[in-house]
Each structure stands twice: as structure tokens, then as C-alpha cells.
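Geometric and topological summary
Residues per chain, in single letters:
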Amino acid sequence: VRLVESGGGLVQPGGSLRLSCVVSGSMFSISSMGWYRQAPGKQRELVADITAGGRTDYADSVKGRFTISRDNAKNTVYLQMNSLKPEDTAVYYCNQQFTFTDSPYNYWGQGTQVTVSS
């Protein structure tokens with residue numbers, strides 16, 4: 001399994017970015033997908049996740065600004081980030097979790113840098 005993130009970059013406060021994560025393999029449609037972030041000197045934290053059935057959950061700090069979505073036909077999960085703030089600056093990681101034959105699987109992407117600065 002391979003997860004490849006893209007879409008990060010430098011954006012001014014108040015701007016928007018859309019992150020994408022393309023997942024290889026055949027388990028995407030049964031997977032819960034998540035976006036995490038890690039800022040320098042801080043622990044990695046959950047930003048948003050979406051279940052195989054499409055239920056979403058968000059960290060309080062991004063509610064109303066970020067939207068997670070998935071396209072099972074493209075094996076891709078997205079994170080639309082609006083009204084970005086400097087405190088959103090971090091490396092953003094894509095995460096895939098699924099259970100197969102009673103065994104749990106957990107995979108990470110390599111991360112994409114998001115910098116919010118004027």
C-alpha cells in the first residue's frame with residue numbers, strides 16, 4: 001500500500017488549499033481515511049477523518065473551515081482548507097486504516113508541508 005499526498009504549499013492567511021491523497025491497492029473503499037498534522041515541536045494530531053460510509057469528524061480547531069471528502073472511484077481522499085490561519089502551518093499526513101481477515105492495518109503517507117504566512 002502506498003499513500004501519496006499533494007497540494008501543500010505556501011499560502012497567505014485567509015487563503016485556501018486543497019490537499020489530495022492517492023492510495024494504491026484495493027482496500028480504499030473499505031478504509032477509514034484521515035488527515036493528521038504535525039507542527040514543529042508538537043505532537044501529531046487528527047485534523048479530520050472520514051469512514052468508509054462517509055461519516056466525517058473534525059478537530060474543533062478546523063470545524064467550519066476544513067472539509068474532508070473521498071472519491072472511491074479514484075482511490076483519493078481530499079482535504080479542502082479554507083480561511084487558513086498561521087496556526088494551521090504543519091506537515092499534513094494522510095492515514096489509511098482498515099481491517100482485513102480480522103487484522104488491523106494502518107498506513108501513512110510521507111506528508112506535505114502547509115505554510116500559512118504573509
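This report concerns the structure included in the present document. Note that the coordinates shown come from a computational prediction; the quantities given were computed from them, not determined experimentally. (Residues numbered from 1 in each chain as written. Predicted model: local features only at pLDDT ≥ 70, side-chain atom pairs only at ≥ 80, totals over all residues. Heavy atoms only, no water.)

Our focus in this paragraph is the environment of Ala52. The residue Ala52 is located in the loop between β5 (45-50) and β6 (56-58) in this model. Separated by 50 residues in the primary sequence, Ala52 and Asp102 place their C-alpha atoms 17 Å from one another. The contact partners of Ala52, leaving out residues within four places of it in the chain, are Ser29, Ile30, Ser31, Ser32 and Arg70. (Helix = DSSP H or I, 4+ residues; strand = E, 2+ residues; numbered from the N terminus. Contact = heavy atoms within 4.5 Å.)

Okay, the packing of aromatic side chains next. Any aromatic ring pair is given by two values, namely how distant the centres are and how the planes are angled relative to each other. This model, assessed by the stated rule, comprises four aromatic pairs. Judged by centre distance (4.9 Å) and plane angle (65°), the ring pair of Tyr36 and Trp108 falls under edge-to-face. Of the two residues, Tyr36 sits in strand β4 (residues 32-38) while Trp108 sits in strand β10 (residues 103-108), which places them 72 residues apart along the sequence. In this structure Tyr36 comes out as buried when scored by relative accessible area, which is 17%. Between Tyr105 and Tyr107, the ring centres sit 6.4 Å apart and the planes meet at 15°, which makes this aromatic pair stacked. Taking the relative accessible area as the measure of exposure, Tyr107 reaches 25% and is therefore partly exposed. Joined through ring pairs, the aromatic side chains of Phe98, Tyr105 and Tyr107 make up one cluster. The side chain of Arg70 reaches across the aromatic face of Phe28, ending 4.7 Å from its centre. (Phe/Tyr/Trp six-rings, centres within 6.5 Å; stacked < 30°, edge-to-face > 60°. Buried < 20%, exposed > 50% of the residue type's maximum accessible area, 1.4 Å probe, protein only. Lys NZ or Arg CZ within 6 Å of the ring centre and 35° of its normal.)

Functional significance is not addressed by these values, which are geometric in nature.
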